[in-house]
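Topology and contacts: notes
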Amino acid sequence: MATIAIGDVQGCYDQLMRLLERAGFDDRRDVLWFVGDLVNRGPQSLETLRFVKGLGPRAVTLLGNHDLNLLAVAEGVRKPHRGDTNDGILSAPDRDELLSWLRHRSMMHAGNGYAMVHAGLLPQWSIDQALALAREVEAVLRAPDYREFLKRMYGNEPLRWRDGLSGFDRLRIIVNAMTRMRLAAADGTLELDYKLGLATAPAGYFPWYDVPGRTSRGTPIVFGHWAALGLVLREDSGCPDS
């Protein structure tokens, strides 16, 4: 059995099929780890979502920022971006089934000696703590009043983690770190606007995986989100070319 990690698909179904063929994926025995952002930007978000859902236990799928955006738009709590390509999902006859399945995906996964998250982990978090925090967000997304969370999910504050955070502030920074973060300062302060490569990163900030003293360093972490990095293969972290 092989485990294959795949970066942000973003609605590129045809390319995903070619990638799986090249990798020799066998859906009877192999497992795919998707780092999130199955949808949006590409032209075949509906086909992608149906395919991954149809894999059942052969796919471990995380929520990314584009997936959360789709859920918020579908519930009418956020307007679509001009470049969104989710109309096919929103008008599909199986729309509700697909969106419910997506809403029940995980924020983080760990297994086989690795962890996986869409964007990154704050330096203060151990793997066990981060998994517990991910479960907090997942529980709210799966609760009957999940729409209220989607309304309150957006925003950049707070920019620093404190164990005593509560309510939507606590949930928001978990979501921002796990689905939006690229850079953080030594004290864990988030930088949520930067999208380019490492060469022009603002002074005082590190790639989240290089923040000095990162507590989760002992476990290799698979992540996506940061397309400008390209393919990253390190002992402590890896980014499939997303």
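Residues numbered from 1 in each chain as written. Predicted model: local features only at pLDDT ≥ 70, side-chain atom pairs only at ≥ 80, totals over all residues. Heavy atoms only, no water.

A word on the state of the cysteines
Put plainly, a disulfide is one covalent bond tying together the sulfur atoms of two cysteines. In the structure shown here, the tally under the stated rule is zero disulfides. The thiol sulfur of Cys 12 is not disulfide-bonded, and the nearest other cysteine sulfur, from Cys 239, lies at 15 Å. Overall, Cys 239 belongs to the buried group, its relative accessible area being 1%. (Disulfide = S-S within 2.5 Å. Buried < 20%, exposed > 50% of the residue type's maximum accessible area, 1.4 Å probe, protein only.)

A few points about the side chain of Arg 103
By the element assignment, Arg 103 lies in helix 5 (residues 95-103). We note that Arg 103 is buried and unpaired, the nearest opposite charge coming from Glu 75 at a distance of 5.6 Å. Separated by 2.7 Å, the side chain of Arg 103 and the backbone oxygen of Leu 141 make a polar contact. Not counting residues up to four positions away in its chain, the partners in contact with Arg 103 are Leu 63, Leu 71, Leu 141, Arg 142, Ala 143 and Tyr 146. (Helix = DSSP H or I, 4+ residues; strand = E, 2+ residues; numbered from the N terminus. Lys, Arg positive; Asp, Glu negative; His and termini not counted. Salt bridge = Lys/Arg side-chain N within 4 Å of Asp/Glu carboxyl O. Polar contact = N/O pair within 3.5 Å; in protein donor to acceptor, adjacent residues only side chain to side chain. Contact = heavy atoms within 4.5 Å.)

Structural notes on the nonpolar core
Phe 34, Met 108, Leu 121, Trp 125 and Met 178 are the most contacted members of the largest nonpolar core, which totals 67 residues. Among the elements that take part in this core, helix 6 (residues 127-141) stands out by supplying seven residues, more than any other. The contact partners of Met 178, leaving out residues within four places of it in the chain, are Met 107, Met 108, Val 117, His 118, Ala 119, Gly 120, Leu 121, Trp 125, Ala 130 and Ala 134. Membership of the second largest hydrophobic core comes to seven residues, among which are Val 31, Val 35, Leu 62 and Val 222. (Core = buried A, V, L, I, M, F, W, Y, C linked by side-chain atoms within 4.5 Å.)

Describing unusual backbone geometry
For the bond running from Glu 157 to Pro 158, omega is 0°, close enough to zero to count as cis. Positive phi, close to 50°, is recorded for Gln 10, a residue that is not glycine. Summarising the element assignment, Gln 10 is placed in the loop between strand 1 (3-6) and helix 1 (13-23). Residue classification places Gln 10 among the buried positions, given a relative accessible area of 14%. In this model, Asn 40 sits at a positive phi of 85°, which is unusual for a non-glycine residue. Relative to the assigned elements, Asn 40 resides in the loop between strand 2 (31-34) and helix 2 (45-54).

Details of the sheet that holds strand 5 (residues 114-117)
With mixed pairing, five strands are arranged side by side in an open sheet as 4-5-9-11-10. In this open sheet, the two edge strands, each paired with only one partner strand, are strand 4 (108-111) and strand 10 (232-233). When strand 9 (residues 221-222) meets strand 11 (residues 237-239), the two strands line up parallel, connected through two bridges. Its bridge partner lying in strand 11, Ile 221 is registered against Ser 237. Packed on one face of the sheet, helix 6 meets strand 4, strand 5 and strand 9 and runs near 140° to strand 4. (Pairing = 2+ DSSP bridges. Axes fitted to C-alpha atoms, helices over the stretch in contact; angles between N-to-C directions.)

A closer look at the pattern of salt bridges
In total, this model carries 17 salt bridges according to the counting rule given. Here Arg 95 makes a salt bridge to Asp 96, at a shortest N to O gap of 3.5 Å. Residue classification places Asp 96 among the exposed residues on the basis of a relative accessible area of 57%. Between Arg 160 and Asp 187 there is a salt bridge, with the nearest N and O atoms lying 3.6 Å from each other. Of this pair, Arg 160 sits in the loop between helix 7 (146-152) and helix 8 (167-179) while Asp 187 sits in the loop between strand 6 (183-184) and strand 7 (190-191), placing them 27 residues apart in sequence. Judged by its relative accessible area of 35%, Asp 187 is partly exposed. Salt bridges linked by common partners bring Asp 210, Arg 214, Arg 217, Arg 234 and Asp 236 together as one network.

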